[in-house]
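Each chain, written out:
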Amino acid sequence: MTRRAAEFPGRFLDRCRAMVPDFEPFIDSMSRPPRRTVRVNTIKANREQVLGWLRNLDPQPLDWWENALALGQPGVGKRLEHFLGLVYVQEAASMVPPLVLGAEPGETVLDLCAAPGSKTTQLAAMMENTGLVVANDYSQARLRGLVGNVDRAGCLNVVITRMDGVALVRNWPGSCDRVLVDAPCTCEGTVRRSARVLDQWSLDAIARFSQLQKGLAVAGYHALKPGGTMVYSTCTLAPEENEEVVDYLARRFPEAELLPVELPGFRMRQPLAEWNGRRFATGVANCRRILPQDNDTEAFFLALIRRPIEAR
Amino acid sequence: MKRADPRVRGLLERFGVPAEALAGLDVVEGQGAFFIGTREVMTFDAVRPLRRGIRFCRVFPRSVKPTTHAMQVLGRHATRNVIDLEREQVVGLINGEQVEVDAPAAVEDGYVLLRVDGFSAGVGLYRRPVLKTQLPRYRPVEE
Ligand SMILES: C[S@@+](CC[C@H](N)C(=O)[O-])C[C@H]1O[C@@H](n2cnc3c(N)ncnc32)[C@H](O)[C@@H]1O
């Protein structure tokens, strides 16, 4: 194990050993800095144009999405193409939830936990700057970043709200074609960027987030129109914040359909079937885990849920 | 596109932005500014938003000032009062410098759209031959 990984909390490492099938490559990746990646902002530019602008940063297109680029050199955040909003600095795994959700032009989309707006601006671009994205977040401090990013990306289809996600949906139920619940979490999957996320790590924190996430996931489901789809995602590994939340949703809404999570060319792993002696509902098997060693990204978890047109 | 307001119409005409370029969009006044966004954005009324779309221009007692962010996205449709710049000139403007430009005769003094390699960089104020920035101070992001 690398020196950096040896400094991770022991309890955290024990849990990872219990939940990750090939622990050594996993922990090795977790202790290396992440790859620099950007997303082409298709509201303003196309991939060829951006590849031209970024030429001397050694850009490498990623094969699972044409608008995802890895950069061999640092410094993109200080460059003119970033000021112009042609590119958005975004970790590669964070591009996956909007792709799995698959928003289309003209739709009505809710991004329930949106700040600082990486996925909001991606959804807005996938919708070709049409329709409506309601980008909500509870945190005043983080909303400033959201406003700045929506401005820089040139999103004309975004409304920004500041509410508790549950309260927002109480006022706007059953209205959305798609909902993204990119939930607040313990962020274990982001240790590659900064090991400091683990300073706050505790089993209590996991339990608190799990409660909050269940409420937000239920709210997200309530926001769907019949036939609408939702992605529940986190950048953490804890099953209490992932499979257990989806299991809760599946039991609460037995009619909800758990659809397979797929992205061609991008490797994802089976979720856990059980944790701490508790078996998850069968549909949970359609969720996916993103492990850092598979695509050289941060870790993520995704579920894709459809509200049927008519409740059975 | 609601263009009844003469201030909004005046700005669009200054840059020669054709009406078709703004199909499906609406402009609404509030908070000392006009905001531009899709019709769905402007009619969303389930809860009170903090923000709808992008600020199109700020309103002053006797004038309106177009915003960089709106012009960065709408500027590609501009046909008048456009000045093409080198990348280094735009970087200079962002850093608060003023530059001298010998713009084509058709470019009038006043607000101009700044373009670099075909992309709209925002708005400047031109008093031939001096071009001053209206570009916001830029905060680079951490990678
Ligand atoms: C993982 S972050 C979202 C990242 C964002 N989706 C992106 O891609 O840029 C989770 C967000 O949830 C917000 N949040 C926490 N509790 C919330 C609540 N009750 N309602 C809405 N948002 C909440 C946090 O402020 C935080 O910004």
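Quick note: structure is the one above.
A. Local environment of the packing of aromatic side chains. Under the definition given, this model contains seven aromatic pairs over all chains. Residues Trp53(A) and Phe119(B) carry aromatic rings whose centres are separated by 5.9 Å and whose planes lie at 65 degrees to one another, so their mutual orientation is edge-to-face. Here the residue Trp53(A) occupies a position in helix α4 (residues 47–53), and Phe119(B) occupies one in strand β9 (residues 119–127), the pair thus bridging two chains. The residues Trp53(A) and Phe119(B) share a single accessibility class, namely buried. For the pair Trp172(A) and Phe44(B), a centre-to-centre distance of 5.0 Å together with 85 degrees between the ring planes defines the contact as edge-to-face. Of the two residues, Trp172(A) is situated in the loop between α9 (165–171) and β8 (176–182) and Phe44(B) in the loop between α2 (39–43) and β3 (51–52); the pairing between them involves two chains. An aromatic cluster of at least three residues, connected via ring pairs, comprises Phe8(A), Phe12(A) and Trp201(A). Directly above the aromatic system of Tyr88(A) lies the positively charged group of Arg39(A), at a separation of 4.9 Å from the ring centroid. The ring of Trp53(A) carries the charged tip of Arg87(B) above its face, separated from the ring centre by 3.7 Å.

B. The arrangement of the sheet that holds strand β1 (residues 25–30) of chain B in detail. Residues and elements named next belong to chain B. Judged by pairing direction, the sheet is antiparallel, and its four strands sit side by side in the order β1-β2-β4-β5 without closing on themselves. Since the sheet does not close on itself, it has two edges, and those belong to β1 and β5 (63–66), each with one partner. Ignoring which end each strand starts from, the neighbouring axes of this sheet average 25 degrees apart. The strands touched by helix α1 (residues 6–14) within the sheet are β1, β2 (33–38), β4 (54–60) and β5, with β4 carrying the most contacts at an inclination of about 115 degrees.

C. Layout of helix α3 (residues 23–30) of chain A. Every buried residue of α3(A) is accounted for by Phe23(A), Phe26(A), Ile27(A), Ser29(A) and Met30(A). For α3(A), the arc enclosing every buried residue in end-on projection is 160 degrees, short of the 170-degree limit, so these residues lie on one face.

D. Representation of the state of the cysteines within the structure. Residue and element names in this part refer to chain A. Within the structure shown, the criterion is met by zero disulfides over all chains. Not part of a disulfide, Cys155 finds its nearest cysteine sulfur in Cys176, a span of 17 Å. A residue is classified by how much of its surface remains accessible, and Cys155, at 0% relative accessible area, is buried.

E. Expanded view of the interface of chain A and chain B. If you look at the interface, chain A gives 41 residues, while chain B gives 36 residues. When chain A packs against chain B, close to 3200 Å² is buried across both sides, 70% of that on carbon and sulfur atoms. Put simply, chain A and chain B have one salt bridge between them. Of the charged contacts, one joins Asp151(A) and Arg51(B) as a salt bridge, the two residues approaching to 3.0 Å between their closest N and O atoms. Counting across the chain A and chain B interface gives eight residue pairs in polar contact (both at pLDDT 80 or more). Mapped by element, the contributors of at least two residues to the side of chain A that touches chain B are α4, α5 (80–83), β6 (132–136), α8 (140–153), β7 (158–161) and α9 of chain A. Tallied by class, residues from the side of chain A that touches chain B come to 23 nonpolar, eleven polar and seven charged.

How each quantity is defined
- Residues numbered from 1 in each chain as written.
- Chains lettered and ligands numbered in written order.
- Predicted model: local features only at pLDDT ≥ 70, side-chain atom pairs only at ≥ 80, totals over all residues.
- Heavy atoms only, no water.
- Phe/Tyr/Trp six-rings, centres within 6.5 Å; stacked < 30°, edge-to-face > 60°.
- Helix = DSSP H or I, 4+ residues; strand = E, 2+ residues; numbered from the N terminus.
- Buried < 20%, exposed > 50% of the residue type's maximum accessible area, 1.4 Å probe, protein only.
- Lys NZ or Arg CZ within 6 Å of the ring centre and 35° of its normal.
- Pairing = 2+ DSSP bridges.
- Axes fitted to C-alpha atoms, helices over the stretch in contact; angles between N-to-C directions.
- Contact = heavy atoms within 4.5 Å.
- Arc of directions from axis to C-beta.
- Disulfide = S-S within 2.5 Å.
- Buried area = accessible area lost by both parts, 1.4 Å probe.
- Salt bridge = Lys/Arg side-chain N within 4 Å of Asp/Glu carboxyl O.
- Polar contact = N/O pair within 3.5 Å; in protein donor to acceptor, adjacent residues only side chain to side chain.
- Nonpolar A, V, L, I, M, F, W, Y, C, P; charged D, E, K, R; others polar.

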